[in-house]
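Each chain is listed here by its residues.
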2 protein chains.
Amino acid sequence: MNIRALFAALVFIVGAAPAGAEDGYDLWLRYRLIDTSAHPALVYRLGPVVAGNSSSPTLVAAGDELKRGLQGLLGTDVQLAGEVKGPGAVLFGTPQSSAYIAKLNLPLTDLGPEGYLIRSLNVAGHPVIVIAANRDVGVLYGSFHFLRLLQTRQRLELLDIRSQPRTQIRLLNHWDNLDGHVERGYAGQSIWDWHKLPGWVDPRYTDYARACASIGINGAVLTNVNANATSLTPAYIAKARTLGNTLRPYGIRVYLTARFSAPIELGGLKTADPLDPAVRAWWKAKVDEIYAEIPDFGGFLVKANSEGQPGPQDYKRTHADGANMLAEALAPHRGIVMWRAFVYSNETPTDRAKQAYDEFVPLDGKFAQNVLVQVKNGPIDFQPREPFHPLFGAMPKTPLMMEFQITKEYLGFATHLAYLGPLFEEALDSDTRVKGRGSTVAKIVDGELHGYKYTGMAGVANIGADRNWTGSHFDQANWYAFGRLAWDPQLSARDIAEEWTRMTFTNDPRFVKPVVEMMMDSREAVVDYMTPLGLAHLMDTGHHYGPGPWVNNLNRADWNPTYYHRADANGIGFDRGPKGSNATSQYAPDVAKLFADPAKTPEQFLLWFHHVPWDHRMSSGRTLWDEIVFRYTRGVGRAGKLRDTWYELKYRPGMQGYIDDERYAQIKAFLEIQLDEAQWWRDACIAYFQSVSKRPLPAGVAPPKHSLEYYKSLKFPYAPGRG
Amino acid sequence: MNIRALFAALVFIVGAAPAGAEDGYDLWLRYRLIDTSAHPALVYRLGPVVAGNSSSPTLVAAGDELKRGLQGLLGTDVQLAGEVKGPGAVLFGTPQSSAYIAKLNLPLTDLGPEGYLIRSLNVAGHPVIVIAANRDVGVLYGSFHFLRLLQTRQRLELLDIRSQPRTQIRLLNHWDNLDGHVERGYAGQSIWDWHKLPGWVDPRYTDYARACASIGINGAVLTNVNANATSLTPAYIAKARTLGNTLRPYGIRVYLTARFSAPIELGGLKTADPLDPAVRAWWKAKVDEIYAEIPDFGGFLVKANSEGQPGPQDYKRTHADGANMLAEALAPHRGIVMWRAFVYSNETPTDRAKQAYDEFVPLDGKFAQNVLVQVKNGPIDFQPREPFHPLFGAMPKTPLMMEFQITKEYLGFATHLAYLGPLFEEALDSDTRVKGRGSTVAKIVDGELHGYKYTGMAGVANIGADRNWTGSHFDQANWYAFGRLAWDPQLSARDIAEEWTRMTFTNDPRFVKPVVEMMMDSREAVVDYMTPLGLAHLMDTGHHYGPGPWVNNLNRADWNPTYYHRADANGIGFDRGPKGSNATSQYAPDVAKLFADPAKTPEQFLLWFHHVPWDHRMSSGRTLWDEIVFRYTRGVGRAGKLRDTWYELKYRPGMQGYIDDERYAQIKAFLEIQLDEAQWWRDACIAYFQSVSKRPLPAGVAPPKHSLEYYKSLKFPYAPGRG
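Residues numbered from 1 in each chain as written. Chains lettered and ligands numbered in written order. Predicted model: local features only at pLDDT ≥ 70, side-chain atom pairs only at ≥ 80, totals over all residues. Heavy atoms only, no water.

**Q** Would you mind going over the overall build of chain A with me for this structure?
**A** Looking only at helices and strands, chain A features 22 helices and 16 strands. Here the C-alpha atoms of chain A give a radius of gyration of 26 Å, agreeing with the 27 Å that 2.2 N^0.38 yields for 723 residues. Expressed as lengths along the three principal axes of its C-alpha atoms, the size of chain A is roughly 80 × 80 × 50 Å. Partitioning the intrachain contacts of chain A with sequence separation of at least 6 by distance along the chain shows that 73% fall at a separation of at least 24. In the form shown here, chain A has an accessible surface area of approximately 25000 Å², with 51% of it arising from carbon and sulfur atoms. A distance of 2 Å separates the average location of the 77 positive side-chain charges in chain A from that of its 76 negative side-chain charges. (Helix = DSSP H or I, 4+ residues; strand = E, 2+ residues; numbered from the N terminus. Rg over C-alpha atoms; globule rule 2.2 N^0.38 Å. Contact = heavy atoms within 4.5 Å. Areas by Shrake-Rupley, 256 points an atom, 1.4 Å probe, with all protein chains shown as cover. Lys, Arg positive; Asp, Glu negative; His and termini not counted. Charge placed at Lys NZ, Arg CZ, Asp CG, Glu CD.)

Shown next as structure tokens:
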């Protein structure tokens with residue numbers, strides 16, 4: 001046994017130290033000591049004083065965070081003081097809270113209620129750093145921004161930063177049930193301990209709020225979109241109130257999901273018809289009851305007439321009728337309704353991808369002013385890759401919110417490394433062409449294109465009670481990237497990855513560069529080994545954990561993978577062109593033209609829009625069949641490269657010490673799992689598609705390790721996150 | 001650098017993780033710095049060397065723990081070395097692993113395979129402390145004992161300690177389902193991450209093993225007694241193997257629960273009849289398959305023909321037939337069967353308390369040699385107080401294991417402080433009188449009375465994925481107390497409480513004394529406010545969270561609280577005397593005589609054994625009705641005192657600093673919840689019983705806060721831990 005192998009073995013034997021600090025709990029808010037020998041200017045410039053009047057809970061939070069951060073980063077005792085008495089102080093506040101800031105007469109007016117500025121200025125004769133905003137929450141956001149500068153070792157000279165969010169409502173949607181189960185959650189139970197609320201207020205709620213505020217998230221939908229009326233009972237409103245009180249200092253409002261049939265289930269009414277006066281009165285009273293407890297309650301998120309949920313269509317009313325009824329009750333309190341466009345009727349459609357558009361576009365202009373329609377990024381369901389949803393750009397009179405899925409329901413659960421920044425970016429940068437070139441989804445979501453009164457972005461949270469919050473260390477980056485992009489949809493996924501890596505691990509470029517490359521390649525790896533070339537919805541039934549492209553026995557045609565890939569002896573893919581379902585016509589003409597023509601459709605969406613012969617020649621020169629095999633195989637190779645790169649990051653000479661053993665070991669184990677499961681996906685899909693295509697594997701390509709029957713036989717009844 | 005030195009260096013690097021926050025993760029293994037000014041002798045006596053050859057994984061664990069503990073407690077860098085080169089070294093090992101220890105010729109032979117000794121001796125001319133045992137695991141146990149001496153500030157002069165366990169099999173029973181839900185678990189999801197096993201080996205498994213080994217627990221039943229055949233499939237055996245590999249260095253064997261119908265469900269057989277040769281062959285092959293993967297697999301725990309579980313009676317076979325079939329398959333591998341006596345037939349019995357005895361006593365002598373019958377401490381089901389189970393003493397030819405419930409299914413879940421040491425002690429100290437005075441349950445369980453070949457004690461674990469393991473800080477004491485009593489059933493619950501408090505919080509007597517008093521009073525408080533005077537099973541349906549003495553609508557009579565308390569216009573209590581169910585006759589004559597006579601029955605069991613008129617005069621001089629009200633009210637007062645004492649522990653002048661804010665706050669919040677819920681139990685029970693007794697409350701006693709209808713209306717569909 002050589003020394004290196006022994007080292008590796010021993011690290012894993014002994015690696016199980018108790019209560020190590022590097023367990024991921026701190027997320028990206030790791031205020032570890034800066035090596036002052038490498039950054040003397042930082043220390044010189046900053047004095048040990050944070051100056052400001054903590055005259056509100058939010059300013060208390062800002063001051064505490066600055067103190068906590070500076071103490072950790074600088075390794076000195078930091079005083080929180082009212083006055084600037086020396087150089088290098090960090091002065092924070094609003095013109096109302098701070099006479100210094102009022103006197104500086106800073107250009108704050110056009111920063112809005114959440115924006116802030118950070119400037120190097122002279123105050124009371126001393127050079128200081130000023131974090132100022134119109135409102136307290138802007139100061140808090142600015143404080144986190146300032147700490148991020150230090151965490152990522154940015155220069156502090158001549159700071160002149162202005163920032164404000166491009167969307168108003170930046171939300172996490174928690175698909176958390178009242179019994180603690182998280183639907184599509186892969187990070188343990190819900191962080192909301194409903195049973196012990198309101199008596200026990202877990203300090204974790206505050207750390208959750210700090211993390212959210214640090215990236216600008218300003219709302220949390222506490223309950224699952226598959227809603228439970230019990231969450232609207234007095235006992236649960238009291239619990240939500242306590243959560244609201246805890247999150248409020250961090251600028252976070254609480255929202256609930258509204259079960260449409262609650263007037264029947266809780267109110268004893270015979271109907272939940274949104275035009276029924278008794279129903280309307282019930283909701284009004286319920287909303288008033290909520291606001292009496294939670295004065296800044298955000299509003300309701302509603303999943304109606306979808307996947308078995310009740311809704312207005314049960315009474316032959318429209319989605320607008322349903323949404324407007326709730327909106328009317330909420331309007332006096334300035335609450336909003338977020339109505340999900342992820343709906344499909346009980347009848348099997350010719351093309352599920354078309355349904356939301358067909359149902360919602362006719363309603364444009366019919367929603368009340370305080371209703372937003374929440375649209376998933378793609379027209380099916382959070383697949384590793386989908387084209388953008390055709391509703392974006394098609395409802396100019398109705399605020400459309402983006403709904404991203406941060407939790408990786410379809411991208412390998414918690415164990416696979418799949419950085420979603422590029423997926424979010426791809427969706428936001430998609431050009432709808434509805435008002436000519438540059439009509440990106442981002443500009444629709446942020447309101448620029450249609451002048452929406454409300455704008456918003458929601459992410460389905462990947463957060464649970466696991467110590468590291470998200471089930472894996474790298475999945476923290478997806479929470480982070482969502483928040484950053486909700487604040488500014490035009491940020492770069494790569495920049496966000498780098499920023500996150502620096503804050504979460506280290507600023508050493510020998511670590512940062514390869515890790516950012518890993519992250520940036522990871523989602524494409526998943527697309528390759530799960531659903532290349534525009535394939536989608538190939539997962540096995542119920543758990544969505546492994547491959548099941550053969551599944552064709554579910555009650556509804558559009559629940560079956562075979563409905564989506566349509567592989568047959570001739571070819572594979574869903575014909576959504578003019579001769580098929582004509583879903584392409586839902587896009588603006590300039591986009592529709594591209595998607596309708598197989599020759600112009602980007603190959604990454606080819607099988608999404610077209611049924612293509614197995615022998616079709618791809619741009620690579622390969623036949624479609626060979627290309628599919630190539631991509632699946634390449635995906636496994638990419639997963640292998642992720643694992644190998646990570647391995648090198650510790651064992652290459654000179655790389656010791658850049659990451660702690662604890663996080664290193666878990667990430668390594670997860671990358672091994674990812675590689676195994678990539679192979680499984682690849683092998684199962686090739687085995688199945690080959691049974692349909694009847695074509696040989698290209699020369700030199702390894703056959704699947706097992707028979708198709710073997711892959712079909714695998715069952716995972718206890719996979720986490722079931723719906 | 002030789003291999004051993006390299007190893008030692010690595011242990012230091014990895015073991016020296018910075019101390020975590022006071023979130024309870026460290027349990028009682030908190031190796032915080034000793035105030036050397038107060039204990040100079042400790043430091044003087046101990047040198048910074050741990051000497052021993054870590055020639056096995058278990059000795060690695062022992063050396064690692066000694067090093068970790070001494071470094072933390074002494075605040076010095078401790079070397080792990082092969083040689084004794086100076087005074088104050090801690091020398092550990094067996095005669096096989098250490099030439100020093102072999103040469104000392106220590107009296108080890110009668111210490112058995114798990115015992116150890118700790119002595120102050122001269123070795124190589126230096127005064128050292130020797131931890132020696134026959135086998136490696138004894139050294140590990142001795143190491144934890146030695147660290148406990150330091151943690152509790154015991155004198156180290158002239159150490160001469162010998163210890164060995166009085167029971168052989170000391171087990172935790174995890175009622176953990178494969179989907180992560182823990183039945184009757186109040187500390188989050190299961191710590192077993194079945195989904196990610198075997199690929200991901202959570203370091204927490206090792207910390208679990210350390211905690212268990214520190215109190216002598218040597219086995220873990222990984223799966224729920226309400227068993228799932230899937231746990232016996234190859235995929236899950238591979239997962240259990242990985243857990244076994246991880247726990248093995250700490251002397252912990254893994255066990256599984258065997259679903260009796262597995263031959264049908266997994267094997268495709270038509271029957272699970274234990275006398276069917278194909279069934280026997282299936283189990284034999286399955287057991288061989290398990291041992292091929294887990295060579296030291298412990299065996300099976302079986303719940304059969306109870307609460308809907310399949311079992312041998314489905315085929316008109318006896319429990320012995322069923323147990324012996326499994327025993328035959330396990331015997332060649334030295335595996336055991338633990339067959340639970342908690343059974344009741346599908347027909348409603350005249351007295352559920354009699355059933356186990358009636359079913360099992362006739363089978364005494366008919367079980368195979370490697371079968372133990374596992375008996376709950378009382379004849380019903382883990383109530384706050386029950387008399388001892390009449391099976392103890394009634395099966396001299398069959399090893400009877402004790403089954404305690406550590407998780408507080410019936411004692412307030414995670415939030416109520418209810419130290420179970422006194423409950424365990426009361427059960428173990430109960431005198432069965434089967435061989436005259438002094439025939440305690442402890443002496444039956446440890447084999448002394450009947451000369452059992454196997455002895456054991458099982459505790460239903462209260463462990464989950466919550467950061468503090470048990471859902472509350474004080475519930476850690478129940479895990480601790482169980483382990484200590486399993487090692488030695490004759491230990492004192494009070495001594496254990498003090499030991500635990502010192503290790504977990506502080507050695508300061510101003511803190512230790514009142515906290516031990518709180519712990520020692522806590523279970524009696526629960527008895528008072530839930531089930532005084534021998535009442536039992538008064539909880540609401542399903543969740544077992546709150547009171548439901550009125551419940552009488554469940555399918556089976558013996559699932560209803562009214563079945564147990566039998567309150568009517570005349571009185572209250574279950575007549576189990578000779579004129580009633582005659583359950584008293586199941587006890588040895590000297591005990592039966594007491595229990596059969598209301599005048600001689602201890603008042604704490606009065607209503608367990610007798611239906612007593614409301615106007616019966618109690619020893620206090622009060623009528624029974626007044627006494628019931630008095631005890632319920634006293635229980636609330638005791639809960640209030642727990643809260644008040646805790647409050648004082650921080651806010652009384654001079655008491656600052658004895659406990660960290662983090663644990664203090666959670667405990668305080670939980671004590672507030674306990675007080676609220678004590679009031680709820682008291683009020684609901686008094687409201688109900690008054691509706692039956694039609695008697696006025698004694699003068700000056702506060703009436704229930706709400707109406708009986710209010711208490712009946714409360715529903716808790718999402719209470720944790722449901723079965």
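**Q** Can you help me understand the packing of helix α9 (residues 277-293) of chain A against helix α10 (residues 319-330) of chain A in this one?
**A** Any two packed helices are characterised by the angle at which their axes cross and by the distance between the axes. Residue and element names in this part refer to chain A. As a packed pair, α9 and α10 sit with axes 8 Å apart at the nearest point and diverge in direction by 45 degrees. Considered as vectors, α9 and α10 are oriented oblique to each other. In the packing of α9 onto α10, the handedness of the crossing is right-handed. Seen from α9, the contacting residues are Val279, Arg280, Trp283, Lys284, Val287 and Tyr291; seen from α10, they are Met325, Leu326, Glu328, Ala329 and Leu330. Class assignment of the residues belonging to the contact of α9 with α10 gives a composition of eight nonpolar, no polar and three charged. (Axes fitted to C-alpha atoms, helices over the stretch in contact; angles between N-to-C directions. Parallel < 35°, antiparallel > 145°, perpendicular 65-115°, else oblique. Left-handed = near helix turned anticlockwise from the far one by under 90°. Nonpolar A, V, L, I, M, F, W, Y, C, P; charged D, E, K, R; others polar.)

**Q** Explanation requested: the sheet that holds strand β14 (residues 456-460) of chain A in the structure shown.
**A** Sheet strands line up and pair through hydrogen bonds in the backbone, either parallel or antiparallel. Residue and element names in this part refer to chain A. Here eight strands make up a closed barrel; going around it, the order is β7-β8-β9-β10-β11-β12-β13-β14 and the pairing parallel. Between one strand and the next, the sheet's axes are offset by a mean angle of 25 degrees, whatever the strand orientation. Summarising the sheet, strand β7 (residues 169-173) and strand β8 (residues 219-221) pair through three bridges and their orientation is parallel. Considered in β8, the bridge of Asn173 is made with Val221. Running at roughly 160 degrees to strand β11 (residues 336-340), α10 makes contact with β10 (299-302), β11 and β12 (371-376) of the sheet. (Pairing = 2+ DSSP bridges.)

**Q** So what exactly am I meant to see when it comes to helix α7 (residues 234-247) of chain B here?
**A** Residues spaced three or four apart along an α-helix face the same direction, because each turn holds 3.6 residues. Residue and element names in this part refer to chain B. Compared with an ideal rise of 1.5 Å per residue, which puts 14 residues at 20 Å, α7 spans 20 Å between its outermost C-alpha atoms and is within 8% of the ideal. Burial analysis of α7 places 10 of its 14 residues in the buried class, which makes it a mostly covered element. Along α7, the residues classified as buried are Tyr236, Ile237, Ala238, Lys239, Ala240, Thr242, Leu243, Gly244, Thr246 and Leu247. Tucked inside the fold, the buried residues of α7 contact α6 (203-214), β9 (253-257) and α9 (277-293). (Expected span 1.5 Å × (residues − 1). Buried < 20%, exposed > 50% of the residue type's maximum accessible area, 1.4 Å probe, protein only.)

**Q** Looking at this structure, how should I read the sheet that holds strand β4 (residues 116-123) of chain A?
**A** Residue and element names in this part refer to chain A. Read from one edge of the open sheet, six strands run β2-β1-β3-β5-β4-β6, paired in mixed fashion. The open sheet has two edge strands with one neighbour each: β2 (79-81) and β6 (160-163). Across the sheet, the mean angle from the axis of one strand to that of its neighbour is 25 degrees, orientation sign disregarded.

**Q** Would you mind showing me how to read unusual backbone geometry here?
**A** Leave glycine aside and you will find that most residues have negative phi; peptide bonds, for their part, are mostly trans. Of note, the amide linkage connecting Leu197 of chain A to Pro198 of chain A takes the cis form, showing an omega dihedral of 0 degrees. Positive phi outside glycine occurs at Glu307 of chain B, with the angle close to 50 degrees. One can find Glu307 of chain B in the loop between β10 (299-302) and α10 (319-330). Positive phi values are uncommon outside glycine, yet Asn582 of chain B reaches one of about 65 degrees. Looking at the element boundaries, Asn582 of chain B is found in the loop between β15 (571-572) and α18 (589-596). Judged by relative accessible area, Asn582 of chain B falls into the partly exposed class, the value being 28%.

**Q** Teacher, can you tell me more about the packing of helix α16 (residues 509-530) of chain A against helix α21 (residues 661-693) of chain A here?
**A** Residue and element names in this part refer to chain A. Between α16 and α21, whose axes approach to 8 Å, the crossing angle comes to 30 degrees. Relative to α21, the element α16 is oriented roughly parallel. When α16 is examined against α21, the residues Met518, Val526, Tyr529 and Met530 are found in contact with a partner set consisting of Leu671, Gln674, Ala678, Trp681, Arg682 and Cys685. By residue class, the composition of the contact of α16 with α21 is eight nonpolar, one polar and one charged.

**Q** Quick question: what am I supposed to make of the pattern of salt bridges here?
**A** Side-chain pairs of opposite charge can arise where the charged atoms are in close proximity. For the structure shown, the criterion picks out 111 salt bridges over all chains. For the salt bridge of Arg663 of chain B with Glu22 of chain B, the shortest nitrogen-to-oxygen distance reads 3.7 Å. On the criterion of sequence distance, the pair formed by Arg663 of chain B in helix α21 (residues 661-693) and Glu22 of chain B in the loop between α1 (3-15) and α2 (40-45) is long-range, its members being 641 residues apart. Grouping residues by exposure puts Arg663 of chain B and Glu22 of chain B together as buried. Two residues, Asp193 of chain B and Lys196 of chain B, come together in a salt bridge whose shortest N-O distance is 2.9 Å. Judged by its relative accessible area of 11%, Lys196 of chain B is buried. Here the salt bridges do not stand alone but share partners, grouping Glu22, Asp26, Arg30, Arg32, Asp660 and Arg663 of chain A into one network. (Salt bridge = Lys/Arg side-chain N within 4 Å of Asp/Glu carboxyl O.)

**Q** I'm lost on the side chain of Gln405 of chain B in this one. Help?
**A** Residues and elements named next belong to chain B. With respect to the element layout, Gln405 can be found in strand β13 (residues 400-405). Side chain to side chain, Gln405 and Glu409 meet in a polar contact 2.8 Å long. In this structure, Gln405 is in contact with Trp175, Arg184, Phe382, Tyr410, Leu420, Phe424 and Val460, ignoring residues within four places of it in sequence. (Polar contact = N/O pair within 3.5 Å; in protein donor to acceptor, adjacent residues only side chain to side chain.)

**Q** How should the packing of aromatic side chains be read in this particular structure?
**A** Any two aromatic rings considered together are summarised by their centre-to-centre distance and by the angle between their planes. Under the counting rule described, the total for this entry stands at 88 aromatic pairs over all chains. Ring centres 5.7 Å apart and planes at 70 degrees place the aromatic pair Trp283 of chain A and Phe300 of chain A in the edge-to-face group. Residue Trp283 of chain A is located in helix α9, and its partner Phe300 of chain A is located in strand β10; the two are separated by 17 residues in the primary sequence. Both residues of the pair, Trp283 of chain A and Phe300 of chain A, count as buried. When the ring of Phe511 of chain B is compared with that of Trp646 of chain B, the centres are 6.0 Å apart and the planes differ by 70 degrees; the resulting orientation is edge-to-face. Taken together, the residues span a long stretch of sequence, with Phe511 of chain B in helix α16 (residues 509-530) and Trp646 of chain B in helix α20 (residues 624-651) at a distance of 135 residues. Classification of Phe511 of chain B by relative accessible area gives buried; the value is 0%. For Trp646 of chain B, a relative accessible area of 0% gives the class buried. (Phe/Tyr/Trp six-rings, centres within 6.5 Å; stacked < 30°, edge-to-face > 60°.)

Purely geometric stuff here, so don't read any function into it on its own.
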